[in-house]
Amino acid sequence: MGLKEDLASDPPCFPRACAIQDCLGRNGFNQAKCEHLIDALYDCCNAFYQRNGDEATSVSCPKPSLLRLKLKQRQEAKK
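What comes next concerns the included structure. In this text the structure is predicted, and so the values were computed from the model without any measurement.

1. Things to note about the packing of helix α2 (residues 14-26) against helix α3 (residues 35-52)
Working step 1: Between α2 and α3, the shortest axis-to-axis distance is 9 Å and the interhelical angle comes to 165 degrees. In this view, α2 runs roughly antiparallel relative to α3, as classed from their interaxial angle. Read as a crossing pair, α2 and α3 show a hand that is left-handed. Residues R16, A17, A19, I20 and C23 of α2 touch α3, and the partners they reach there are L37, I38, A40, L41 and C44.
Working step 2: For the contact of α2 with α3, the per-class residue count stands at nine nonpolar, no polar and one charged.

2. Structural notes on the packing of α3 against helix α4 (residues 64-77)
Working step 1: Running from N to C, α3 and α4 cross one another at 135 degrees; their axes reach a closest spacing of 10 Å. Between α3 and α4, the interaxial angle falls into the category oblique. The two elements α3 and α4 meet at a crossing, and its hand is left-handed. When α3 is examined against α4, the residues E35, I38, D39, Y42, C45, N46 and Y49 are found in contact with a partner set consisting of P64, L67, K70, L71 and R74.
Working step 2: Class assignment of the residues belonging to the contact of α3 with α4 gives a composition of seven nonpolar, one polar and four charged.

3. Some thoughts on the pattern of salt bridges
Working step 1: Counted under the stated rule, the structure contains five salt bridges.
Working step 2: Across the pair R16 and D6 runs a salt bridge, and its minimum N-O distance is 2.5 Å. Placement of R16 in helix α2 and of D6 in helix α1 (residues 3-8) is noted, with a sequence separation of 10 residues between them.
Working step 3: The class for D6 is buried, based on a relative accessible area of 3%.
Working step 4: We note a salt bridge from R74 to E35, for which the minimum N-O separation is 2.4 Å. Taken together, the residues span a long stretch of sequence, with R74 in helix α4 and E35 in helix α3 at a distance of 39 residues.
Working step 5: The buried category is assigned to R74, whose relative accessible area is 17%.
Working step 6: Judged by relative accessible area, which is 26%, E35 ranks as partly exposed.
Working step 7: Among the ionic contacts, a cluster of salt bridges with common partners joins E35, D39, R74 and K78.

Reading guide: rules and limits
- Residues numbered from 1 in each chain as written.
- Predicted model: local features only at pLDDT ≥ 70, side-chain atom pairs only at ≥ 80, totals over all residues.
- Heavy atoms only, no water.
- Axes fitted to C-alpha atoms, helices over the stretch in contact; angles between N-to-C directions.
- Helix = DSSP H or I, 4+ residues; strand = E, 2+ residues; numbered from the N terminus.
- Parallel < 35°, antiparallel > 145°, perpendicular 65-115°, else oblique.
- Left-handed = near helix turned anticlockwise from the far one by under 90°.
- Contact = heavy atoms within 4.5 Å.
- Nonpolar A, V, L, I, M, F, W, Y, C, P; charged D, E, K, R; others polar.
- Salt bridge = Lys/Arg side-chain N within 4 Å of Asp/Glu carboxyl O.
- Buried < 20%, exposed > 50% of the residue type's maximum accessible area, 1.4 Å probe, protein only.

Dropping the structure here:
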């Protein structure tokens, strides 16, 4: 599914959170093999908060302040 569909899911971004769990299970919980899915979840959550504001909630997403910190950390790690 694409971002639009994942944002419309109930709860928002849930398919991306499930994809991470599936990936971790298939790869012996080696997070490095699932980083692209974590990035995809964070992208979805970022779009969710941009659309609905920081007061919105989804069980699939970290709180907005933690999400922003994680996005910043991941961006700096890629440098």
